[in-house]
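One-letter residues, chain by chain:
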Amino acid sequence: MEVFIFALLTLTSLVYYYYKKSFQYWEKKGVAQIKPSFPFGNIENPMTSKGGTVMNLADLHKQFKAKGEKIGGIYAGATPMLLIVDPEWVKNIVSKDFNYFNSHAAVFDEKDEPLEAHLFNLEGARWKDMRVKMTPTFTSGKMKMMFDILLVCGNQLEEFIDSTKKDLDIKEILACFTTDVIGSCAFGLECNSFKNPNAEFRSHGRKLFESSLKFRLRNVLTMISPTLVKSLKLHFTDKCSSKFFRGVVKDTFEYRKSKNVTRNDFMQLLINMEQTAKENNKSTYSIDEMAAQAFVFFLAGFETSSTTMTFCLYELAHHQDIQDKLRKEINETIKKHGGKLTYDAIMDMKYMEQVINETLRMYPPVHTLPRLCTQTYTLPNGSTIEKGTNVFISLIGLQRDEEYFPEPNKFNPDRFSDENRRNITPYTFLPFGEGPRICIGLRFGMMQTKVGLSLILKNYKVSPHESLSYPMEFDNQSVILSSKGKIMLKHERV
Ligand code: HEM
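Rules and cut-offs
Residues numbered from 1 in each chain as written. Predicted model: local features only at pLDDT ≥ 70, side-chain atom pairs only at ≥ 80, totals over all residues. Heavy atoms only, no water. Pairing = 2+ DSSP bridges. Helix = DSSP H or I, 4+ residues; strand = E, 2+ residues; numbered from the N terminus. Axes fitted to C-alpha atoms, helices over the stretch in contact; angles between N-to-C directions. Buried < 20%, exposed > 50% of the residue type's maximum accessible area, 1.4 Å probe, protein only. Patch = residues over 30% accessible without salt bridge, like charges linked within 9 Å, V, L, I, M, F, W, Y side chains within 5 Å. Areas by Shrake-Rupley, 256 points an atom, 1.4 Å probe, with all protein chains shown as cover. Salt bridge = Lys/Arg side-chain N within 4 Å of Asp/Glu carboxyl O. Phe/Tyr/Trp six-rings, centres within 6.5 Å; stacked < 30°, edge-to-face > 60°. Lys NZ or Arg CZ within 6 Å of the ring centre and 35° of its normal.

Asker: I'd like to hear about the sheet that holds strand E8 (residues 460-464), residue by residue, with values.
Answerer: A sheet is described by the order of its strands in space; here three strands give the open sequence E3-E9-E8, paired in antiparallel fashion. Both outer strands of the open sheet, strand E3 (168-169) and E8, are each paired with one neighbouring strand and no more. Here E8 runs beside strand E9 (residues 488-493); their pairing, made up of five bridges, is antiparallel. Bridge pairing links Tyr460 to Arg493 in E9.

Written as structure tokens, this is what we have:
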């Protein structure tokens, strides 16, 4: 017993001194810090229902800003991380000194989970090579080519809303729409999420974005000890979803090749990329490498756009004047373009762009930009950010900062009018990120968001259901920014 008590006391003292020493890290470097506490540092307890990084980082951002700090040192457990507060510093990290911060700090084990070796997670030369090859996939010409596929899914969205007499569970409806769009554009398959809510793509989509305790622990452990995450094989993607997506890509590849089928979609561009590499005697891509890239379109493409539309309709339901103005623009532009919703009509909707930008300002789906310091970096005071340090930029913190956006919690699309937009401080509005790692799917995301909103608003007036509160309460544990609970809207034909 005595030995046990002695061992326990020794261990407790060791842990205590380890934490005490660790918590001095930033102060010693002359970087301001906010008092961390044992055992989670500045990060909220992932085991409690409150624990999550969304508002946690936004709140820390606010605290550093109030102290007049440009950057701030925080701790995940005892591990030091850096929070960037000042826009000039955001510029340094994402653009100017990109070579020092070129990684998204992803933790994955390609051998055990090949699907995770995708563009968002890759770094270094492999990321660069893949980014260069995939960039032509997202030109405006390619977007135009895919527009018809989008409209087919849009028709199903319209039919569904026309046939729904009840109030709209808009978050789920829009997730079905974008699942169908990405399923069709990235995988070449009809997903039928409206006809069958348990269709495989939709089920896997739900599973990937649901916030489980395992997910929250993984999230926190990734910041504290990436090595532990790897050795415990805590993958972001579960085995069942991985098997499903890899199977779909393999079958589609084989089918198209054997039957000589071509289609205007992302899958075709991946097939062409592989063929070009073969013809030029360059190393080709394995099916798993291709599957990983198609998978990231799904992962990064459906929930981001569906939540953008959801947040937008939520605000429009609470601001009927803005909704009416937007509906007027949609109907007049369609009329101007021969009575059809075409790619050119969508591009012609200026106020729509303002409304979406204001939505993305208040509700950036990717609420935090992560970066990893990949080479030791010297700060102006002469101290350093060590290689391996995680660096974060809280987009909610920046985009709801009243210095840059007066009355930051007010939904006001006029902030993005031509004359006002030029007054926005650079690097304070970056919902798609910035620099070489800016969202590759920006055009596609904007296009599907505009299509979904146009199809709903041209025919329907939406208003808030009695169950909705304003302002919105966020799900603090969601992978991407999400409302707590459903967003129910009333709809009536105009
Ligand atoms: C409203 C919709 C969307 C938003 C708000 C959004 C936002 C973002 C953000 C913030 C990043 C990180 C950028 C950075 O680190 O600087 C990102 C990266 C990425 N996004 Fe999007 N995204 C959207 C739609 C899409 C779509 C539709 C696709 C694909 C079809 C897509 C594919 C990607 C990929 C592959 C990356 C990683 C790029 C790289 O690391 O090189 N995104 N997105």
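Asker: Give a description of the sheet that holds strand E4 (residues 368-372) that names residues and reports values.
Answerer: Pairing is mixed across the open sheet formed by four strands, whose spatial order is E1-E2-E7-E4. Lying at the two open borders of the sheet, with one neighbouring strand each, are strand E1 (71-76) and E4. Averaged over all adjacent pairs, the angle separating strand axes in this sheet is 30 degrees, with direction ignored.

Asker: Outline the pairing of strand E7 (residues 390-394), listing residues and values.
Answerer: Across a regular strand the side chains alternate sides, sitting on one face of the sheet and then on the other. Counting buried positions over the five residues of E7 gives five, a clear majority of the element. The pairing of strand E2 (residues 79-84) with E7 spans four bridges and is parallel. By the bridge assignment, Leu82 is partnered in E7 with Val391. Of the pairings in the sheet, the one linking E4 to E7 comprises five bridges and is antiparallel in character. Residue pairing for E7: Arg371 is matched across the bridge by Val391.

Asker: Residues and numbers for a nonpolar patch on the surface, please.
Answerer: A cluster of nonpolar side chains, contributed by Met1, Phe4, Ile5, Leu8 and Leu9, occupies part of the molecular surface with about 580 Å² of accessible area. Position of Met1 relative to the elements: it lies in the segment before helix H1 (2-22). For Met1, a relative accessible area of 74% gives the class exposed.

Asker: Got a sec to walk through the packing of aromatic side chains? Specific residues and values, please.
Answerer: Under the defined criterion, the tally for this structure stands at 30 aromatic pairs. Note on Phe244 and Phe245: the rings are 5.1 Å apart at their centroids and 75 degrees apart in plane angle, and the pair reads as edge-to-face. Ring-pair connections join several aromatic residues into one group, and the members of that group are Phe187, Phe201, Phe244, Phe245, Phe295, Phe298 and Phe302. Directly above the ring of Tyr351 sits Lys325, whose terminal nitrogen or CZ lies 4.3 Å from the centroid. Sitting over the ring of Tyr363, Arg400 keeps its end group 5.4 Å from the ring centre.

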